[in-house]
Amino acid sequence: MPVDELLPFLLGVVVLVGAAVVILGFAEVGLGWLPIVAIIRAIVQLALIAFVLQGALSAWWAVFAFIALMLTTASLTSLRRARELPRGPAGAVVGVVVGALVTLALVLALGLVEREFERVIAIAGIVIGNSMTIATLAMRRFAANLRTGVGEIEAWLSLGARPRRAVQRLRQDSIREALLPGLDQAKNTGLVTLPGAFVGALFGGASPFEAAEFQIVVLAALVLAGAVTAVLGTSIAAGAGRLPAPEH
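Since this is a predicted model, take the numbers as computed values, not measurements.

Some thoughts on the environment of Val-21
Then, number 1: Relative to the helices and strands, Val-21 resides in helix α1 (residues 3-26).
Then, number 2: Given the relative accessible area of 16%, Val-21 is considered buried.
Then, number 3: C-alpha separation for the pair Val-21 and Leu-34, spaced 13 residues apart in sequence, amounts to 8.6 Å.
Then, number 4: Leaving out residues up to four positions away in the same chain, Val-21 has contacts with Gly-32, Pro-35 and Ile-36.

See below:
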């Protein structure tokens, strides 16, 4: 971006984020400066990634290394968000890695995305990011359900049920709630939202039909990755045999 365009661009971003901070402050949400910190990190990280990708798009080993970096970062983020569950961190990491890799392998094996550096990195970034979000949502909801559902769990255990069976309904609710936002977005794609993959493909010179085709692949991949991540991650967490402290 030319220098004469950079300052107006940054000022525009500051206005948007500053407005969000003011609104959240008046609402006393308690996020403080987190929105600003998040955007600053995003700007720095995307700037660095832009430089890295200029070299990463020239060899497959570099592409795989970059995907490994994305997986590592996503796993660490989900791990921190899942610490309320005894085996939550392990479940989050396994869910993210397996969910993303299984989905990417199937997408490439089925030929749904051309095996070009740019396309592989694009689909990988979208899928890994979604798996990270799903892991966080599922684990946090599962932990909350376990805290509030102690009575139900104890009732099942008193009847001789195994711990995994005692938390089954709570786990199913966690998976459902984690997946619903993405499924609602997929259901309303084209009517309510124009997803980033579709718009990005258009900006990249693809025809509307090519952009729609890529977006459909992305949506299907997100459904699979989310399902694997949520089911596998919560399954591992459910086998801990210990519960978070109940709410009082």
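Next, the rest of the story.
Brief notes about the nonpolar core
Then, number 1: Counting residues in each nonpolar core, the largest one holds 23 residues, and the members touching the most others are Ile-67, Met-70, Ala-124, Val-127 and Ile-128.
Then, number 2: At seven residues, helix α5 (residues 117-148) tops the list of elements feeding residues into this core.
Then, number 3: Setting aside residues up to four positions removed in sequence, Ile-67 forms contacts with Val-120, Ala-124 and Ile-128.
Then, number 4: Grouped together as the second largest cluster of nonpolar side chains are 13 residues, Ala-92, Met-139, Phe-142 and Ala-143 included.

Regarding the packing of helix α8 (residues 168-187) against helix α10 (residues 208-238)
Then, number 1: Across the interface, α8 lies against α10 with an axial gap of 10 Å and an inter-helix angle of 165°. As far as their axial angle goes, α10 and α8 are roughly antiparallel. Once α8 is placed against α10, the crossing between them reads as right-handed. Every residue of α10 that contacts α8 at Arg-171, Ile-175, Leu-179, Leu-183 and Ala-186 is listed here: Leu-219, Val-223, Gly-226, Ala-227, Ala-230, Val-231, Thr-234, Ser-235 and Ala-238.

Let's talk about the pattern of salt bridges
Then, number 1: According to the stated counting rule, one finds seven salt bridges in the structure shown.
Then, number 2: The shortest N-O distance in the salt bridge between Glu-116 and Arg-119 comes to 3.7 Å.
Then, number 3: Among the residues examined, Glu-116 registers a relative accessible area of 36% and is labelled partly exposed.
Then, number 4: Asp-173 is the salt-bridge partner of Arg-141, the closest N and O atoms lying 3.1 Å from each other. Of the two residues, Arg-141 sits in helix α5 while Asp-173 sits in helix α8, which places them 32 residues apart along the sequence.
Then, number 5: Residue classification places Arg-141 among the partly exposed positions, given a relative accessible area of 31%.
Then, number 6: Each of Arg-141, Asp-173, Arg-176 and Glu-177 takes part in salt bridges that share partners, so that together they form one network.

With respect to a nonpolar patch on the surface
Then, number 1: Together, Val-94, Val-98, Val-102, Leu-106, Leu-110, Leu-112 and Leu-224 give the surface a local cluster of nonpolar side chains, amounting to about 520 Å² of exposed area.
Then, number 2: The greatest single-element share of the nonpolar patch, amounting to four residues, is contributed by helix α4 (residues 88-109).
Then, number 3: Position of Val-98 relative to the elements: it lies in helix α4.
Then, number 4: Residue class for Val-98 comes out partly exposed when judged on its relative accessible area of 32%.

Some details on the side chain of Ser-75
Then, number 1: Take Ser-75: it is sitting in helix α3 (residues 60-81).
Then, number 2: By relative accessible area, Ser-75 is classed as buried at 7%.
Then, number 3: The contacts of Ser-75, once residues within four sequence positions are left out, are Val-93, Val-96 and Val-97.

Side note on the packing of aromatic side chains
Then, number 1: Evaluated as defined, the whole model comprises one aromatic pair.
Then, number 2: Ring geometry for Trp-60 versus Phe-64: centroids 5.9 Å apart, planes at 25°, classification stacked. Placement of both Trp-60 and Phe-64 in helix α3 is noted, with a separation of four residues, approximately one turn of the helix.
Then, number 3: A residue is classified by how much of its surface remains accessible, and Trp-60, at 34% relative accessible area, is partly exposed.
Then, number 4: For Phe-64, a relative accessible area of 51% translates into the label exposed.
Then, number 5: Over the face of the ring belonging to Phe-214 we find Arg-119, whose NZ or CZ atom lies 6.0 Å from the ring centre.
Then, number 6: Here the guanidinium or amino end of Arg-165 rests over the ring plane of Trp-156, the centre of that ring lying 4.0 Å away.

Scoring rules and cut-offs
- Residues numbered from 1 in each chain as written.
- Predicted model: local features only at pLDDT ≥ 70, side-chain atom pairs only at ≥ 80, totals over all residues.
- Heavy atoms only, no water.
- Helix = DSSP H or I, 4+ residues; strand = E, 2+ residues; numbered from the N terminus.
- Buried < 20%, exposed > 50% of the residue type's maximum accessible area, 1.4 Å probe, protein only.
- Contact = heavy atoms within 4.5 Å.
- Core = buried A, V, L, I, M, F, W, Y, C linked by side-chain atoms within 4.5 Å.
- Axes fitted to C-alpha atoms, helices over the stretch in contact; angles between N-to-C directions.
- Parallel < 35°, antiparallel > 145°, perpendicular 65-115°, else oblique.
- Left-handed = near helix turned anticlockwise from the far one by under 90°.
- Salt bridge = Lys/Arg side-chain N within 4 Å of Asp/Glu carboxyl O.
- Patch = residues over 30% accessible without salt bridge, like charges linked within 9 Å, V, L, I, M, F, W, Y side chains within 5 Å.
- Areas by Shrake-Rupley, 256 points an atom, 1.4 Å probe, with all protein chains shown as cover.
- Phe/Tyr/Trp six-rings, centres within 6.5 Å; stacked < 30°, edge-to-face > 60°.
- Lys NZ or Arg CZ within 6 Å of the ring centre and 35° of its normal.

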